[in-house]
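Listed here are the chains, written in short residue letters.
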Amino acid sequence: MAINLQKGQRQNINAPKFTIGLGWDVNETSTGGAFDLDASVFLLGENKKLVSDSHFIFYNNLKSPDGSVIHTGDNLTGDGDGDDEQINIDLTKIDSAVNEIIVVVTIHEAESRKQNFGQVRNSFIRVVDSGSQEELLKYELDEDFSIETAVEFGRLYERNGEWKFEAVGSGQRDGLGAYVEKFQ
């Protein structure tokens, strides 16, 4: 049975291979323009910076150099139930220089489309064991991000040989570029 996390809670990931599923819906009263939300992953070293530019995983770079993190592709609409985007992670392959994995969701062209996370609902991040397909944990973001265009949904980090997940739910209004700048 999955563990439902609250913001700030942490949980051990006891699966070497798993899928991070991300989902969301757009409010019916939104701007009327199409929404394109994008999941991105930053693979960081001890210095809290990208191990290399190739360790920034997003719709134009779907795979980490070691093959441990694979983004399954960009969902341009977010229509339908379940996961809108997925990232497969294999901790048995992960570069030893990586000790933190940040998962961010941003709104593509948010400024020009006048869109923000206040127009998005039912956002979640979940971790599913790749072997058993069992949902291990889920974090439903219930905050009202009325001006934010980018949200850090969660992070994985390694401590003493164990990987843990933290439910973050922290937004900012400067889009993906602010995260890239922060982690480079």
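Look up a bit, the structure's there.
Residues numbered from 1 in each chain as written. Predicted model: local features only at pLDDT ≥ 70, side-chain atom pairs only at ≥ 80, totals over all residues. Heavy atoms only, no water.

Engineer: Sorry if this is basic, but what is going on with the sheet that holds strand β4 (residues 37-44) here?
Structural biologist: Backbone hydrogen bonds are what pair the strands of a sheet, in a parallel or an antiparallel way. Pairing is antiparallel in the open sheet, where six strands are placed in the order β2-β12-β11-β8-β4-β5. Of all strands in the sheet, those bounded by a partner on one side alone are β2 (10-12) and β5 (56-57). Across seven bridges, strand β8 (residues 100-107) lies against strand β11 (residues 150-159) in antiparallel orientation. Paired with I101 across the two strands is L156, which belongs to β11. (Pairing = 2+ DSSP bridges. Helix = DSSP H or I, 4+ residues; strand = E, 2+ residues; numbered from the N terminus.)

Engineer: When you look at helix α2 (residues 175-183) in this model, what are you seeing that I'm missing?
Structural biologist: Those residues of α2 that fall on the buried side of the exposure criterion are G175, Y179, V180 and F183. Check the buried side of α2 and you find it contacts β4, β5, β8, β11 and β12 (162-172). (Buried < 20%, exposed > 50% of the residue type's maximum accessible area, 1.4 Å probe, protein only. Contact = heavy atoms within 4.5 Å.)

Engineer: Hey, could you run me through the sheet that holds strand β6 (residues 69-71) in this one?
Structural biologist: Ordered by their spatial adjacency, six strands build an open sheet running β1-β10-β9-β3-β7-β6, and the pairing between neighbours is mixed. Either end of the sheet is taken by a strand with one partner, and the two such strands are β1 (3-5) and β6. Each strand axis lies, on average, 15° off the axis of its neighbour in the sheet, ignoring direction. Pairing of strand β9 (residues 120-129) with strand β10 (residues 135-141) involves six bridges; the strand directions are antiparallel. Counted as the bridge partner of V128 is E135 from β10. (Axes fitted to C-alpha atoms, helices over the stretch in contact; angles between N-to-C directions.)

Engineer: Looking at this structure, how should I read the nonpolar core?
Structural biologist: The nonpolar side chains of soluble globular proteins are, as a tendency, buried together. In terms of nonpolar packing, the biggest core is built from 39 residues, with I20, L22, I89, I101, F117, L156 and F165 touching the most fellow members. When contributions to this core are tallied by element, the ones reaching two or more residues are β3 (17-26), β4, β7 (85-90), β8, β9, β10, β11 and β12. Setting aside residues up to four positions removed in sequence, I101 forms contacts with V41, F42, L43, I89, I94, G154, R155, L156 and W163. Counting residues in hydrophobic clusters, the runner-up holds 11 residues, among them V104, Y179, V180 and F183. (Core = buried A, V, L, I, M, F, W, Y, C linked by side-chain atoms within 4.5 Å.)

Engineer: Just to check I follow, could you spell out the pattern of salt bridges for this structure?
Structural biologist: In a structure, side chains of opposite charge can pair up when their charged atoms sit close to one another. Summed over all chains, the structure comprises 10 salt bridges. For R121, the salt bridge is made with D25, and the minimal N-O distance between the two is 3.7 Å. Of this pair, R121 sits in strand β9 while D25 sits in strand β3; the two residues are 96 residues apart in sequence, bridging distant segments of the chain. On the basis of relative accessible area, R121 is assigned to the partly exposed category, the value being 32%. Of the residues examined, D25 reaches a relative accessible area of 24% and is grouped as partly exposed. Note that E166 is salt-bridged to R155, the shortest N-O span being 2.6 Å. Of the two residues, E166 is situated in strand β12 and R155 in strand β11; the sequence distance between them amounts to 11 residues. Given a relative accessible area of 12%, E166 falls into the buried group. By sharing partners, the salt bridges in this structure join R10, K48, E100, R155 and E166 into a single network. (Salt bridge = Lys/Arg side-chain N within 4 Å of Asp/Glu carboxyl O.)

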